[in-house]
Amino acid sequence: MTISIPFYRNASGIILFLVFFFYTVSGFGQSISGKVTNSENHPVMDAQITLTNAGVQKQSLTDKNGFYKMTVPSGNYLFEIVKENTTLFSQNITIDHDTLKDITLTITTNAKVDLEEVTIITKKKLLERKVDRTVFNVENSINAQGVDAIEALSNTPQVKITDNAILIAGKSSVAVMINDRLLNLQGEELLNYLKSIRSDDIAKIEVITTPPAKYSAEGLSGLINIILKKNSKIGWNASLQAGGFFYSDAVLNSGRSGGIFNYQNERLSLSTGFTYTGFKRQQNTTNNITYTNNDYWNNTGESLYKSAYISPNLKAEYKLNAKSTVGFTYNYSTMNTDQRLNSETFRKITAVEQNFQSLSTDSLQNQYHSGTVFYDLKLDTLGTVLRFSGNYLKAKTDTDKWAKTYENSAENTLLNNNTGHYQITAFQADLEKKLFGLIGEFGLKYTAIRNDALLKIYDIENGIPILNTAISNDFFYRENNYAAYFSLLRKLGSKWEAKAGLRYEYTYLEGSIPNQQQTTNHYGQFFPTGYLTYKPNENHAFSLSYSRRINRPNFQSLNPFRRYYSTYEYQEGNPYLRPAISNTIELNYTLKNNFNVNLYYTRSDDNWDRIIRFSDGFRIHQLENFYTMHTYGTTISYTQNHLNWMENTASLQGSFMTTESDIPDAIAVSNGFLAECNLNSTFPLRTDKTLSLFVILAGNTPYQYGNTFFYGYFKNSIGIKGSFLKKNLAYTFLFNDVFNTTQSKGDEYFKDFQSFYAYRSSNRYLNLSVTYKFGNSTIKGVNQKIQFDENNRAL
């Protein structure tokens, strides 16, 4: 659906009016106020005061002096005081005039109040099902003893960790958030960052397979939201991390280190840290192409990848008063990468046989600056919050790629110099409002994206680079996105809960090459979401959900310039790529908070992938929209932590996929089935759980996707983790891919030929990771919720 800009402006005006309306509307009634103290007459802060009857539910929090105040209509209410999920006071009261009600708490036997804190003795649930997500309570798992966030994710139901990605079962890709703030990292950068977070600082991990309207509709994927523990204590703490990767080939040995410092007082929260990673990887590749006329193009290669990554950051937030908070975040990262690829090619084209060798060397330098400013305002005591945020990202990439081809003692050299400048600016306003028994979320967002890519290709003659103007180009890309959303959540009695939302996004983009071509496009799309949950009792939960998503191409995919691998092979982007659209419906069942069954169906249209073509002796890699996919699947997961001597997280996924190709060059693979299993087991070796053995098993059957048949794989890892010094010094020792079985290989089908590929990386290694924490361990630093969704498209 394409919608013009004037309609969008009208729609945004309507939504602005609705936001203003819900913001200004407030109920008339009687006030109730008072002070909450404990048995020693100390004020109890951040206690939740709740007034409930058949038609009204009002909530408020006590301030640092224990005071509270709220306004409700006259009537009979259940008056409750809750702190840290424990009900400390409950009484039926009648309110027919302004009421003053002071409370002195009497402590029950299963909870302890220590001034401003309640400590709960009972154990929380390990797995919880909410209306739009599944929640894994990491702090209740023995796997949270001295490990990092990556290991915690590997034990989370429905989540799969590979060597360079984080996946959710049934999803092609996943975005990761920290406290609702989307991280602008992918691949190894994302994994390195998450390894710097200790699982002891994680309260829970939320797996969102059908993201609600509040989040960007970008990506045919789900979301993982890591919620860090919060605390109101005053003081500071710090932690230092170090780790090493040790291979059988000592040349590949790598290391990483980092540190975090947190400070907090009554108003100011401050966090700063750094991460350094020196990483090496070796990969062997095979790519054999067989034509229907018995011609061939066979290639084998070996590459060595080295990178050095440094990333300092600073975060701060300041409470202006009891109702408003202001803050900022700043992240800087720089990465220097060198990659060397040696390959040999044998080919036969029209009865002419040929052999040549290629040497490709890449030198890449990346610099990223990203920052966020935010302001939060609590508008009342009922939970109404207005949030404003601005995000800015500026990056520069500089790549030199030498492509040398040796043939019959002759040498031909090309130098590719690619300089990229891109920046992303985003402004967002969000409102959370409780009204008429509903919990509403409303928001507006504007994003401007600018990307300038300057490609210069030089022929090397007698050691002198000479610019080749015929194949050099500059590509300038501009994109503006406008978004508005709302969602409403309502409890329908004690067993039913429903949530519905709608997001509208309008995109205008323009790509141009000076004096050659200019491409413009604009489109508007609605993205509805819906959820329904039924909980007949504590042991059973059912949910039904639907969402519509969009997957826009990244900048490099839209850039039509050529990247040469040898004199005979190059890759080019496609400025006419269209966004892919997916629709997903899911049915979920949870039994006793540890057994989960998920059924889903996804239709994805206008998907794009690599197309290989041959022209004038060149092998050309291009991107095109060409297939539609239907996926029917189920995921079964089970987590048990009831035994003192073992904890297990197991999952089994099965899916059936059908593919339809829209172009004759690519042949869709036949309908196929995929089965995948993952098992993570931890065995405490000491009763205090300061030493544990863990085993990881993972594998999948062969399966089909698009025009590719993927082979199956199996992986086994084993390790030990433990802690000393009252758990302040934690370590993990991992033997990854014990049998060296991890590899990626498959068959791609085209009209006139079939392509087989195989990639085997250096995945078998020993990893030692150590973390030392000192200072006040209850300080968790800055946890502000910020969204910055567009960054991953630039990577």
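Scoring rules and cut-offs
- Residues numbered from 1 in each chain as written.
- Predicted model: local features only at pLDDT ≥ 70, side-chain atom pairs only at ≥ 80, totals over all residues.
- Heavy atoms only, no water.
- Helix = DSSP H or I, 4+ residues; strand = E, 2+ residues; numbered from the N terminus.
- Buried < 20%, exposed > 50% of the residue type's maximum accessible area, 1.4 Å probe, protein only.
- Contact = heavy atoms within 4.5 Å.
- Areas by Shrake-Rupley, 256 points an atom, 1.4 Å probe, with all protein chains shown as cover.
- Patch = residues over 30% accessible without salt bridge, like charges linked within 9 Å, V, L, I, M, F, W, Y side chains within 5 Å.
- Salt bridge = Lys/Arg side-chain N within 4 Å of Asp/Glu carboxyl O.
- Pairing = 2+ DSSP bridges.
- Polar contact = N/O pair within 3.5 Å; in protein donor to acceptor, adjacent residues only side chain to side chain.
- Phe/Tyr/Trp six-rings, centres within 6.5 Å; stacked < 30°, edge-to-face > 60°.
- Core = buried A, V, L, I, M, F, W, Y, C linked by side-chain atoms within 4.5 Å.
- pLDDT = per-residue confidence, 0-100.
- Axes fitted to C-alpha atoms, helices over the stretch in contact; angles between N-to-C directions.

Before going further, it helps to examine the overall build of the protein. Looking only at helices and strands, the protein has four helices and 47 strands in total. Counting the 795 residues in the protein, one finds 52% classified as buried. Taking all contacts inside the protein whose residues are at least 6 apart in sequence as the whole, residues at least 24 apart take part in 65%. As displayed, the protein has an accessible area near 35300 Å², and 56% of this comes from carbon and sulfur atoms.

Looking now at a nonpolar patch on the surface. On the surface, a cluster of nonpolar side chains totalling about 660 Å² of accessible area is made up of Trp236, Leu240, Phe261, Phe724, Leu725, Tyr772 and Phe774. Examined against the element boundaries, Leu725 turns out to sit in the loop between strand E43 (713-724) and strand E44 (729-736). In this structure Leu725 comes out as exposed when scored by relative accessible area, which is 55%.

Turning our attention to the environment of Pro702. Tracing the chain through its elements places Pro702 in the loop between strand E40 (691-700) and strand E41 (703-705). Here the alpha-carbon distance between Pro702 and Glu676, two residues 26 residues apart in the chain, equals 9.4 Å. When near neighbours in sequence (up to four residues on either side) are disregarded, Pro702 contacts Phe673, Leu674, Phe709, Phe710, Tyr711 and Gly712.

Alignment of strand E42 (residues 708-710) against strand E45 (residues 744-749), held across three bridges, turns out to be antiparallel. Its bridge partner being in E45, Thr708 is matched across the sheet by Glu748. Counting the residues that bridge the hairpin from E45 to strand E46 (residues 753-761) gives three residues.

As a further point, take the pattern of salt bridges. Going through the model one piece at a time under the given rule, you end up with 20 salt bridges. One salt bridge in this structure joins Arg387 and Glu432, with 3.4 Å as the shortest N-O distance. A residue pair is termed long-range when its members are at least 10 positions apart, and Arg387 in strand E25 (residues 385-407) and Glu432 in strand E26 (residues 410-435) qualify at 45 residues. When its relative accessible area of 18% is taken as the criterion, Arg387 is described as buried. Because the salt bridges share partners, they merge into one network encompassing Asp132, Arg133, Glu206 and Lys499.

What follows is about the side chain of Glu479. Examined against the element boundaries, Glu479 turns out to sit in strand E29 (residues 473-492). Of the polar contacts made by the side chain of Glu479, one reaches the side chain of Asn481; its length is 2.8 Å.

Turning our attention to the packing of aromatic side chains. In this structure the tally under the stated criterion is 29 aromatic pairs. An angle of 75° between the planes, with centres 5.3 Å apart, marks the rings of Phe245 and Tyr765 as edge-to-face. Within this pair, whereas Phe245 is found in strand E19 (residues 235-246), its partner Tyr765 is found in strand E47 (residues 765-775), the two being separated by 520 residues in sequence. In this structure Tyr765 comes out as buried when scored by relative accessible area, which is 13%. Relative to Tyr482, the ring of Tyr446 has its centre 5.3 Å away and its plane inclined at 45°; by these criteria the two rings are tilted. One end of the pair, Tyr446, is in strand E27 (residues 438-461); the other, Tyr482, is in strand E29, with 36 residues separating them in the sequence.

This part takes up the side chain of Asn366. Here Asn366 lies in strand E24 (residues 352-378). Excluding residues that lie within four positions of it along the chain, Asn366 makes contacts with Ser333, Thr334, Met335, Lys396 and Thr397.

The next thing to look at is the environment of Arg760. Along the chain, the position of Arg760 falls in strand E46. On the basis of relative accessibility, which here comes to 28%, the residue Arg760 falls in the partly exposed class. A sequence separation of 20 residues divides Arg760 from Asn740, and the C-alpha atoms of the two residues are 9.4 Å apart. The contacts of Arg760, once residues within four sequence positions are left out, are Gln282, Gln283, Asn284, Asn740, Thr741, Thr742 and Gln743. In this structure the side chain of Arg760 is engaged in a polar contact, spanning 2.8 Å, whose partner is the backbone oxygen of Asn740.

Residue alternation in strand E3 (residues 57-61) divides its side chains into a buried set, Lys58 and Ser60, and an unburied set, Gln57, Gln59 and Leu61. Where strand E2 (residues 48-52) lies against E3, five bridges are found, and the strand directions are antiparallel. Residue pairing across strands places Thr52 opposite Gln57, the latter belonging to E3.

Once that is clear, we can look at the sheet that holds strand E16 (residues 181-182). Within the open sheet, the six strands sit side by side as E11-E12-E17-E18-E15-E16. Their pairing is mixed. A strand with exactly one partner marks an edge of an open sheet, and here the two such strands are strand E11 (127-130) and E16. Note that strand E15 (residues 174-178) and strand E18 (residues 222-228) share five bridges and pair parallel. Residue Val176 lies in a different strand from E18, and its bridge partner there is Ile224.

In this section: unusual backbone geometry. Residues other than glycine seldom take positive phi values, yet Asp616 does so here, at roughly 55°. In this structure, Asp616 sits in the loop between strand E36 (595-615) and strand E37 (618-643). Overall, the relative accessible area of 75% leaves Asp616 in the exposed class. For Asn740, which is not glycine, the phi dihedral falls at a positive 55°. Along the chain, the position of Asn740 falls in the loop between E44 and E45. A residue is classified by how much of its surface remains accessible, and Asn740, at 26% relative accessible area, is partly exposed.

Among the nonpolar cores identified, the biggest contains 30 residues, and Tyr422, Ile457, Tyr477, Ile550 and Tyr564 are the most heavily contacted of them. The element contributing the most residues to this core is E27, with four residues. Among residues more than four places away in sequence, those in contact with Ile457 are Leu414, Leu415, Asn416, Ile466, Leu467, Asn468, Ile471, Ser472, Arg562 and Tyr564. Residues Leu127, Ile150, Ile168 and Ile205 belong to the second largest nonpolar core, which totals 26 residues.

Close reading of the predicted structure is inappropriate where its pLDDT is low. Residues of the protein with pLDDT of at least 70 account for 87%, and the chain-wide mean is 82. In the model, residues 1-28 has pLDDT below 50 throughout and makes 31 contacts with residues more than four positions away in sequence or in other chains. In the model, residues 108-123 has pLDDT below 50 throughout and makes 31 contacts with residues more than four positions away in sequence or in other chains.

If you walk across this open sheet you meet the four strands as E3-E2-E5-E6, and the pairing is antiparallel. Lying at the two open borders of the sheet, with one neighbouring strand each, are E3 and strand E6 (86-95). Across this sheet, the average inter-strand angle for adjacent strands is 20°, counted without regard to direction. Judged from the five bridges that link them, E2 and strand E5 (residues 75-83) form a sheet pairing that is antiparallel. Within E5, the residue paired with Thr50 across the bridge is Glu80.

Time to look at the environment of Phe733. Structurally, Phe733 is set in strand E44. Separated by 35 residues in the primary sequence, Phe733 and Leu768 have C-alpha atoms spaced 4.7 Å apart. Those residues within four positions of Phe733 in sequence are excluded, and the remaining contacts are Phe694, Ile718, Gly719, Ile720, Leu766, Asn767 and Leu768.

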